[in-house]
Amino acid sequence: PSVDRREPDLRAHVHLEDNFATVSIDLGDGSRHRRGYRPDSGDAPLTETVAAALLELAQFDGTRPLLDPMCGSGTLLAEAFMRAAAIPAGYRLQRGGARLLPGFGPDAFEEARKKWLAPGRRVEDGLIRGNDIDRQQIVVAGENLSRLPGGDEIRLRRGDFRDHPGLEDGLIVCNPPWGIRIGDEAAAQVLVREFGDFLKQKCKGSDAWLILGNRELIKHVGLRAARRVPVRIGGLDGRFVNYELH
């Protein structure tokens, strides 16, 4: 009864298989798929690990500019910034179980944590940019990004992607509405078609990666896909789709 079920002092994991039990002590602070920078994520949020996987596939290393024209609560922007700035996934780690180890203790844990979380690389101003038509989502994205060191300097713009100047010779990443959990499929088809026009007209020389939980949307983009990578997203059989823009 005295255990805080949401924020316990120490987590223990028990795995049962074929009459054997494996008991493990979590020396971290829970799963790192929750980074801790996103207490408010809006509707149908993209998980941090899916965003990180996309950026790994796109080989984003902070050497070329990146734009998310429909950034929502800023998950792709945050994960891109963490990669560019060499910020570890456990940056906001606070209650690691290692601090309770005999011979280690809270003081040694805090000292080790500070060394591990020392500043990484400086991110060039304007390297990572986001845009969204929803004013509240832009506010939420700004608040989430501010929880990362230097993240409050990421440039955010409120507006329709159709009116955005675009980005040439860079990287476009986007998680457009799929018409499954938000909106309807017909509207999503129109939107990705118009987004395809945006990419053709305003993003020459760039690579674009879209996250599509609804594979039917791929044929409505109006561009030839260079690569399609299967991915499970929230129980859906989705795709990471790459377009090379010439």
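Structure shown above.
Residue positions are given per chain, counted from 1 along the sequence in the order it is written. Owing to the predicted nature of the model, reporting of local features is limited to residues with pLDDT of at least 70; listing and counting of side-chain atom pairs is limited to 80 or more, with chain, interface and lining totals taken over all residues. Computation of side-chain values covers all heavy atoms of the structure but excludes hydrogens and water.

J.: Explanation requested: the packing of aromatic side chains in the structure shown.
T.: Ring pairs (aromatic) are described by centroid distance and by the angle formed between their planes. For Phe, Tyr and Trp, rings pair up if their centres lie within 6.5 Å, where Trp contributes its six-membered ring, and each pair is then called stacked (planes under 30 degrees apart), edge-to-face (over 60) or tilted (otherwise). Applying the stated criterion across every chain yields a total of three aromatic pairs. Consider the rings of Phe161 and Phe198, whose centres lie 5.8 Å apart with planes at 80°: the pair is edge-to-face. With Phe161 in the loop between strand E5 (155-158) and strand E6 (171-174) and Phe198 in helix H5 (residues 185-202), this residue pair connects regions lying 37 residues apart in the sequence. The pair formed by Phe161 and Phe198 is uniform in burial state, with each residue classed as buried. Ring centres 5.6 Å apart and planes at 25° place the aromatic pair Phe195 and Phe198 in the stacked group. Here Phe195 and its partner Phe198 are both found in helix H5, three residues apart, which amounts to about one turn of the helix. Take Phe195: its relative accessible area is 1%, and that puts it in the buried class. We call a residue buried when its accessible area falls under 20% of the maximum for its residue type, exposed when it is over 50%, and partly exposed in between, using a 1.4 Å probe and counting protein chains only. Owing to a relative accessible area of 4%, Phe198 belongs among the buried residues under this scheme. For the purposes of this entry, the term helix denotes a DSSP run of H or I that reaches at least four residues, the term strand denotes a run of E that reaches at least two, and both are numbered from the N terminus.

J.: Before we go on, may I ask you to explain the nonpolar core in this structure?
T.: Nonpolar side chains in soluble globular proteins tend to end up buried together. Membership of the largest hydrophobic core comes to 58 residues, with the highest contact counts inside it found for Phe60, Leu66, Ile128, Phe195, Leu199 and Ile211. Counting residues per element, this core draws most heavily on helix H2 (residues 75-85), at eight residues. Contacts of Leu199, omitting those with residues within four sequence positions, involve Ile172, Lys204, Ala208, Leu210, Leu223 and Leu245. Residues enter a nonpolar core if they are buried and are Ala, Val, Leu, Ile, Met, Phe, Trp, Tyr or Cys, with the set joined through side-chain atoms within 4.5 Å. Here, residues are in contact when the closest pair of their heavy atoms is within 4.5 Å.

J.: Where do I start with the sheet that holds E6 in this structure?
T.: Within a sheet, neighbouring strands are paired by backbone hydrogen bonds and run either parallel or antiparallel to one another. Pairs of strands are assigned from DSSP output, requiring at least two bridges between the strands. In spatial order, the strands read E5-E4-E3-E6-E7-E9-E8; together these seven strands make up an open sheet with mixed pairing. Of all strands in the sheet, those with a lone pairing partner are E5 and strand E8 (227-233), marking the two edges. Across this sheet, the average inter-strand angle for adjacent strands is 20°, counted without regard to direction. As paired elements, E8 and strand E9 (residues 236-244) share seven bridges and run antiparallel to each other. Each bridged residue has a counterpart across the sheet, and for Val231 the counterpart in E9 is Gly238. All axes here are fitted lines through C-alpha atoms, helices being fitted over the stretch that makes contact, and every angle between N-to-C directions spans 0 to 180 degrees. Strands strand E4 (128-132) and E5 of the sheet are contacted by helix H4 (residues 135-145), whose axis makes an angle of about 170° with E5.

J.: Help me out: how do you make sense of the side chain of Asn144 in this one?
T.: Its place among the elements puts Asn144 in helix H4. In protein, a polar contact requires one atom able to donate a hydrogen and another able to accept it; more generally it is a pair of N or O atoms within 3.5 Å, and residues adjacent in sequence count only if both atoms are side-chain atoms. From its side chain, Asn144 meets the backbone oxygen of Ser73 in a polar contact 3.1 Å long.

J.: Please clarify how the state of the cysteines should be interpreted in this entry.
T.: Simply put, disulfide is the name for a covalent bond between the sulfur atoms of two cysteines. Count a disulfide wherever a pair of cysteine sulfur atoms falls within 2.5 Å. Applying the stated criterion across every chain, the model contains zero disulfides. Cys71 takes part in no disulfide bond, and the closest cysteine sulfur to it belongs to Cys174, at a distance of 9.1 Å. For Cys71, a relative accessible area of 7% puts it in the buried group. Among the cysteines around Cys203, which has no disulfide bond, Cys174 carries the closest sulfur, lying 10 Å off.

J.: Would you take a moment to explain a nonpolar patch on the surface for this structure?
T.: A cluster of nonpolar side chains, namely Leu10, Ile25, Leu27, Leu100, Leu101 and Phe104, defines an oily patch on the protein surface of about 500 Å² accessible area. As for its placement among the helices and strands, Phe104 is situated in the loop between H2 and helix H3 (105-116). Like-charged residues are merged into a patch within 9 Å and nonpolar side chains (Val, Leu, Ile, Met, Phe, Trp, Tyr) within 5 Å, provided each residue has over 30% relative accessible area and no salt bridge. Note that accessible areas follow from Shrake-Rupley with a 1.4 Å probe, and for residues the cover is restricted to the protein chains shown. Any carboxyl oxygen of Asp or Glu within 4 Å of a side-chain nitrogen of Lys or Arg constitutes a salt bridge here.

J.: Whenever I open this one, the environment of Ala187 confuses me. Can you help?
T.: Along the polypeptide, Ala187 turns up in helix H5. For Ala187, a relative accessible area of 42% puts it in the partly exposed group. Each C-alpha atom, one on Ala187 and one on Pro177, is 9.0 Å from the other, the two residues being ten residues apart in sequence.

J.: Looking at this structure, how should I read H3?
T.: Two residues of an α-helix separated by three or four positions point the same way, owing to the 3.6 residues in each turn. Given a helix with a known number of residues, its expected span is that number minus one, times 1.5 Å. Along its twelve residues, H3 runs 17 Å from first to last C-alpha, staying within 8% of the 16 Å computed at 1.5 Å per residue. Listed in full, the buried residues belonging to H3 are Gly105, Phe109 and Arg113. Here the buried residues of H3 occupy an arc of 100° about the axis, which is enough to place them on one side. Across from the buried face of H3, at angles greater than 90 degrees, the exposed residues are Asp107, Lys114 and Lys115. This arc describes the spread of directions from the helix axis toward the C-beta atoms.

J.: What should I look at first to understand the packing of helix H1 (residues 48-57) against H2 in this one?
T.: Geometry of a packed helix pair, given as the angle between the helix axes and the separation of the axes. For the pair H1 and H2, the least separation of the axes is 9 Å and the interaxial angle reads 55°. Classed by the angle they form, the pair H1 and H2 counts as oblique. As H1 packs across H2, the resulting crossing turns out to be right-handed. Residue-level contacts link Glu48, Ala51, Ala52, Leu54, Leu55 and Glu56 of H1 to Thr75, Leu76, Glu79, Ala80 and Arg83 of H2. Only Asp, Glu, Lys and Arg are considered charged in this grouping, and only Ala, Val, Leu, Ile, Met, Phe, Trp, Tyr, Cys and Pro are considered nonpolar; every other residue, Gly among them, is considered polar. A class-by-class count of the residues in the contact of H1 with H2 yields six nonpolar, one polar and four charged. Here is the rule for angles: anything less than 35 degrees is roughly parallel, anything more than 145 is roughly antiparallel, 65 through 115 is roughly perpendicular, and the remaining ranges are oblique. Put simply, a crossing is left-handed when the front helix is turned counterclockwise from the back one by less than a right angle, and right-handed when it is turned clockwise.

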